[in-house]
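Take a look at the letters that make up each chain.
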Amino acid sequence: MPTVTFYTHVADLEQFACRLSKRAVEAGCRVLVWSGSAAQTEALDKLLWSFEPESFLPHEIWLPDTPVPPEPAVLLSDGDELPAIAADWVVLNLSAAFWSQAPQVPARILEIVGASEPQLAAARQRFSAYRQSGFQLEYHKMQGKA
């Protein structure tokens, strides 16, 4: 059963996405970070090179209309249509997309949500859609933590 974990009230979405990406890669997962815009994808691209002074997380920007590259473990992308990726990938969702409607539903989705009312309202809609689709749901309020 696919699992969705919501992290809400995140102060710095991009920094948090970098940390979660690193943890997922360390656990042996491939990660797709799905951004809300091309500008956010570019910001993440730059941040992944420098978010930890002593290292970097290998990654690349992937265009969904091209084949999925075999390396690196982290891909960054965005767009209007959700791509078909292997079910064993972890998706870090920074967008308003409903991954329950993806052509191939990933086994693990991490929903990263800010603290503004519009962001939280959109997250509530996604939470409901995932529940109706039979996903296992988890929730972490990160206010004051991240």
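Above this note sits the structure.
Residues numbered from 1 in each chain as written. Predicted model: local features only at pLDDT ≥ 70, side-chain atom pairs only at ≥ 80, totals over all residues. Heavy atoms only, no water.

## Here we look at the overall build of the chain
Within the chain, the secondary structure is distributed over three helices and seven strands. Element order for the chain, N to C, with α for helix and β for strand: β-α-β-α-β-β-β-β-α-β. Taking 146 residues into account, the globule formula puts the C-alpha radius of gyration at 15 Å, and the chain, at 14 Å, falls close to it. If one aligns the C-alpha atoms of the chain with their principal axes, the spans along those axes are about 40 × 35 × 30 Å. Put simply, the chain has 146 residues, and 45% of those count as buried. Partitioning the intrachain contacts of the chain with sequence separation of at least 6 by distance along the chain shows that 65% fall at a separation of at least 24. A total accessible area of about 7400 Å² is found for the chain, and carbon and sulfur atoms account for 54% of it. In the chain, 11 positive and 17 negative side-chain charges are present, and the distance between their average locations comes to 11 Å. (Helix = DSSP H or I, 4+ residues; strand = E, 2+ residues; numbered from the N terminus. Rg over C-alpha atoms; globule rule 2.2 N^0.38 Å. Buried < 20%, exposed > 50% of the residue type's maximum accessible area, 1.4 Å probe, protein only. Contact = heavy atoms within 4.5 Å. Areas by Shrake-Rupley, 256 points an atom, 1.4 Å probe, with all protein chains shown as cover. Lys, Arg positive; Asp, Glu negative; His and termini not counted. Charge placed at Lys NZ, Arg CZ, Asp CG, Glu CD.)

## Describing helix 2 (residues 38–48)
Two residues of an α-helix separated by three or four positions point the same way, owing to the 3.6 residues in each turn. Every buried residue of helix 2 is listed here: Gln40, Thr41, Leu44, Asp45, Leu47 and Leu48. Taken together, the buried residues of helix 2 touch helix 1 (13–26), strand 2 (31–34), strand 3 (59–61) and strand 4 (74–77).

## Notes on the packing of helix 1 against helix 2
Pairs of packed helices are described in terms of their axes, by the angle between the two and the distance that separates them. Where helix 1 contacts helix 2, the axes come no closer than 10 Å and their chain directions differ by 55°. Here helix 1 lies oblique to helix 2, going by the angle between them. Relative to helix 2, the crossing made by helix 1 is right-handed. Together, Leu13, Glu14, Gln15, Ala17 and Cys18 of helix 1 and Gln40, Leu44, Leu47 and Leu48 of helix 2 make up the contact between the two elements. Class assignment for the residues of the contact of helix 1 with helix 2 results in six nonpolar, two polar and one charged. (Axes fitted to C-alpha atoms, helices over the stretch in contact; angles between N-to-C directions. Parallel < 35°, antiparallel > 145°, perpendicular 65-115°, else oblique. Left-handed = near helix turned anticlockwise from the far one by under 90°. Nonpolar A, V, L, I, M, F, W, Y, C, P; charged D, E, K, R; others polar.)

## Some words on the pattern of salt bridges
Throughout the structure, instances matching the rule amount to five salt bridges. We note a salt bridge from Lys22 to Glu26, for which the minimum N-O separation is 3.4 Å. In this pair, Lys22 and Glu26 both sit in helix 1, four residues apart, roughly one turn of the helix. When its relative accessible area of 25% is taken as the criterion, Lys22 is described as partly exposed. Under the relative-accessibility criterion, Glu26 is labelled exposed at 58%. Several salt bridges converge on common partners, so that one network encompasses Lys22, Glu26 and Glu52. (Salt bridge = Lys/Arg side-chain N within 4 Å of Asp/Glu carboxyl O.)

## Notes on the sheet that holds strand 2
Strands sit in the order 3-4-2-5-6-1-7 across an open sheet of seven strands; the sheet is parallel. Among the strands making up the open sheet, the edge pair consists of strand 3 and strand 7 (136–141). Strand-to-strand twist of the sheet, defined as the mean angle between neighbouring strand axes without regard to direction, takes the value 20°. By the bridge criterion, four bridges tie strand 2 to strand 5 (residues 90–93) in an arrangement that is parallel. (Pairing = 2+ DSSP bridges.)

## Details of the packing of aromatic side chains
This structure, assessed with the given rule, holds five aromatic pairs. Ring pairs connect the aromatic residues Phe6, Phe127, Tyr130 and Phe135, which therefore count as one cluster. (Phe/Tyr/Trp six-rings, centres within 6.5 Å; stacked < 30°, edge-to-face > 60°.)

## With respect to helix 3 (residues 117–132)
Counted at 1.5 Å a residue, the expected span for helix 3 with its 16 residues is 22 Å, and the 23 Å between its end C-alpha atoms agrees. Three or more residues of helix 3 are buried, namely Leu120, Ala123, Arg126, Ala129 and Tyr130. (Expected span 1.5 Å × (residues − 1).)

## Focus: the nonpolar core
Counting 23 residues, the largest nonpolar core has Val33, Leu92 and Ile112 as its most contacted members. If you list the elements that add at least two residues to this core, you get helix 1, strand 2, helix 2, strand 4, strand 5 and strand 6 (108–112). If one sorts the elements of this core by residue count, helix 1 sits on top with six residues. One finds Leu32, Trp34, Ile85 and Val91 within the second-largest nonpolar core, a separate group that totals 19 residues. (Core = buried A, V, L, I, M, F, W, Y, C linked by side-chain atoms within 4.5 Å.)

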